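Chains, contacts and geometry: an overview
Listed here are the chains, written in short residue letters.
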Amino acid sequence: MALVEDVFSLSPKAVSSALASLWRPIQGGVSAPLGFQAAGITAGLKDSVKPDLALLLAPEGAVCAGTFTTSLVRAACVDLCEDHLQACGGKARAVLINSGQANACTGERGWLDSLRASQALADRLGLPVEQVLLCSTGVIGIPIPIDTLLAGLNPLVEALNDEGGAEAASAILTTDLVEKQVALEAELGGRLVRIGGMAKGSGMIHPDMATMLGYLSCDVGVPVDVWQAMLKRVVDRSFNAITVDGDTSTNDSCLAFAAGEPLEREHLQALEVGLLVAAQQLAKAIARDGEGATCLLEVHVEGVASDVEACCIARTICGSSLVKTAVHGCDPNWGRIVAAAGRAGVSFDPAAVALWLGPHQLMEFGEPLPFDRLAASRYMQKRVDGSYLSDDTVQIRLVVGNGSGDGMAWGCDLSDQYVRINADYTT
């Protein structure tokens with residue numbers, strides 16, 4: 001685990017620079033890495049008749065790392081994933097994902113249905129049941145229509161292919177407006193290395209482990225303990241750095257699979273950087289797709305004692321309803337930003353605060369500066385009107401001292417559509 005622990009001595013800016021020079025985007029999503037297969041079908045689990053059942057299969061010899069919700073109220077599939085990963089020593093190879101029903105708070109039935117689904121898939125794939133994981137997403141308190149799911153397993157397995165990433169990414173969505181996929185490639189140690197991923201999430205997003213559902217794949221062999229430690233660090237810089245509405249899900253799970261020839265030790269840091277950029281792209285896509293959102297909010301905090309403290313302040317600002325509504329209204333009400341920073345539970349000197357909204361500096365040495373309010377408002381309006389995940393990011397930079405701590409978080413604005421979407425979610 002100590003092999004790559006120094007990667008986060010790099011600042012977010014330095015990491016971004018390193019990533020830009022090493023990793024390039026490619027097509028394929030979660031099935032882009034060599035040997036990985038995926039599928040997504042309509043099994044009939046949703047009344048909408050949209051795709052609702054997905055499968056990711058890793059090559060023989062794969063290892064799997066996972067991070068899961070810290071909520072005390074959690075779905076049966078979360079417990080099953082943790083149990084199976086422990087039982088197989090991290091040697092899991094498949095994950096089955098159903099959308100439409102969270103299968104949380106469903107009592108003994110929820111647990112038994114999870115066991116039935118994983119065993120049935122294991123039988124079809126010829127795998128030990130411990131190597132099969134399960135994730136569910138949808139309405140809490142609604143069990144899986146298990147007979148419908150089981151009937152969908154044969155066509156799902158038959159649909160597996162090495163170009164099935166897009167179908168799988170579509171089948172895991174609920175209130176999401178867009179699919180969330182990523183695939184990257186770099187030359188490391190004289191060979192091409194690929195990282196793929198997919199995720200879902202739009203509401204109930206304030207993870208304390210990962211995201212609503214997130215999956216990463218990589219065609220490199222990595223010891224399971226190194227891979228688990230790597231994923232935890234990456235999650236803290238990506239999925240744990242986003243918020244939409246302050247609510248943590250009962251089903252939050254992030255699973256990362258790795259399989260292939262091992263890399264030399266000196267390339268493991270570059271691999272972790274690639275995993276980070278993939279996870280951050282997915283995390284930002286989730287925040288941007290927040291229910292009713294019109295723009296992405298990015299907060300960069302510098303000058304505290306540690307990166308953890310910087311990320312804490314950044315996510316507190318991103319999660320402030322007052323900041324989010326001000327951004328939605330294109331109102332440069334900077335007092336809301338510093339007020340949110342002050343309640344983050346991190347010590348800093350208010351007299352050292354400097355604040356920027358995009359190119360506009362609003363504070364210096366803890367005091368307000370004169371600025372063009374109309375121009376600052378126009379800056380935000382252009383982002384609200386910008387292209388999706390291209391030029392639609394409202395950037396806030398806060399410096400609170402001269403410490404080495406440096407962190408970022410992402411969120412979105414808060415509109416009346418969020419209330420409309422969630423007011424009648426189950427009716």
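First things first, this report covers the structure right here in the doc. Values in this document were obtained by computation on a predicted structure and should not be read as measured data.

**Things to note about the packing of helix α7 (residues 224–236) against helix α8 (residues 268–288)**
Look at α7 against α8: their axes get within 9 Å of each other, and the N-to-C directions meet at 45 degrees. What the angle tells us is that α7 and α8 run oblique. In this structure, α7 crosses over α8, and the sense of that crossing is right-handed. Contacts between α7 and α8 involve Trp-227, Met-230, Arg-233 and Val-234 on the former and, on the latter, Leu-268, Leu-271, Glu-272, Leu-275, Leu-276 and Ala-279. Each residue belonging to the contact of α7 with α8 can be placed in one class, and the counts come to eight nonpolar, no polar and two charged.

**Re the packing of helix α9 (residues 307–319) against helix α11 (residues 335–342)**
Look at α9 against α11: their axes get within 8 Å of each other, and the N-to-C directions meet at 130 degrees. As far as their axial angle goes, α11 and α9 are oblique. Here α9 runs over α11; the crossing is right-handed. Within the contact between the two elements, α9 uses Ile-313, Thr-316 and Ile-317 and α11 uses Ile-337, Ala-340 and Ala-341. Within the contact of α9 with α11, the residues separate by chemical class into five nonpolar, one polar and no charged.

**Examining the pattern of salt bridges**
Taken as a whole and assessed by the stated rule, the structure comprises 15 salt bridges. Salt-bridge contacts for Asp-307 lead to Arg-237; the nearest nitrogen and oxygen are separated by 2.6 Å. Of the two residues, Asp-307 sits in helix α9 while Arg-237 sits in the loop between α7 and β10 (253–258), which places them 70 residues apart along the sequence. Residue Asp-307 is classed as partly exposed on the basis of its relative accessible area of 22%. Residue Arg-237 is classed as buried on the basis of its relative accessible area, which comes to 10%. Linking Arg-373 and Asp-331 is a salt bridge whose minimum nitrogen-to-oxygen distance equals 3.8 Å. Taken as a pair, Arg-373 in helix α12 (residues 373–384) and Asp-331 in the loop between α10 (321–328) and α11 lie far apart in primary sequence, 42 residues in all. Where salt bridges share partners, they join Arg-24, Glu-185 and Arg-194 into one cluster.

The rules we used
- Positions within a chain are numbered from 1, following the residues in the order the chain's sequence is written.
- Selection of residues for local features in this predicted model requires a pLDDT of at least 70, selection of side-chain atom pairs for listing and counting requires 80 or more, and totals for whole chains, interfaces and linings are taken over all residues.
- Just so you know, side-chain values use all the structure's heavy atoms and leave hydrogens and water out.
- To define axes, lines are fitted to C-alpha atoms, for helices over the stretch in contact only, and angles between the resulting N-to-C directions are given on a 0 to 180 degree scale.
- Put simply, DSSP H or I for four residues or longer makes a helix, DSSP E for two residues or longer makes a strand, and each gets a number counted from the N terminus.
- With respect to orientation, any angle under 35 degrees is reported as roughly parallel, any angle over 145 as roughly antiparallel, any angle of 65 to 115 as roughly perpendicular, and every other angle as oblique.
- Two helices cross in a left-handed way if the nearer one is turned anticlockwise from the farther one by less than a right angle. They cross in a right-handed way if the turn is clockwise.
- Between two residues, a contact is recorded if the distance between any of their heavy atoms is within 4.5 Å.
- For this scheme, ten residues count as nonpolar: Ala, Val, Leu, Ile, Met, Phe, Trp, Tyr, Cys and Pro. Four count as charged, namely Asp, Glu, Lys and Arg, and the remainder, Gly too, count as polar.
- What makes a salt bridge here is a side-chain nitrogen of Lys or Arg within 4 Å of a carboxyl oxygen of Asp or Glu, nothing more.
- We call a residue buried when its accessible area falls under 20% of the maximum for its residue type, exposed when it is over 50%, and partly exposed in between, using a 1.4 Å probe and counting protein chains only.

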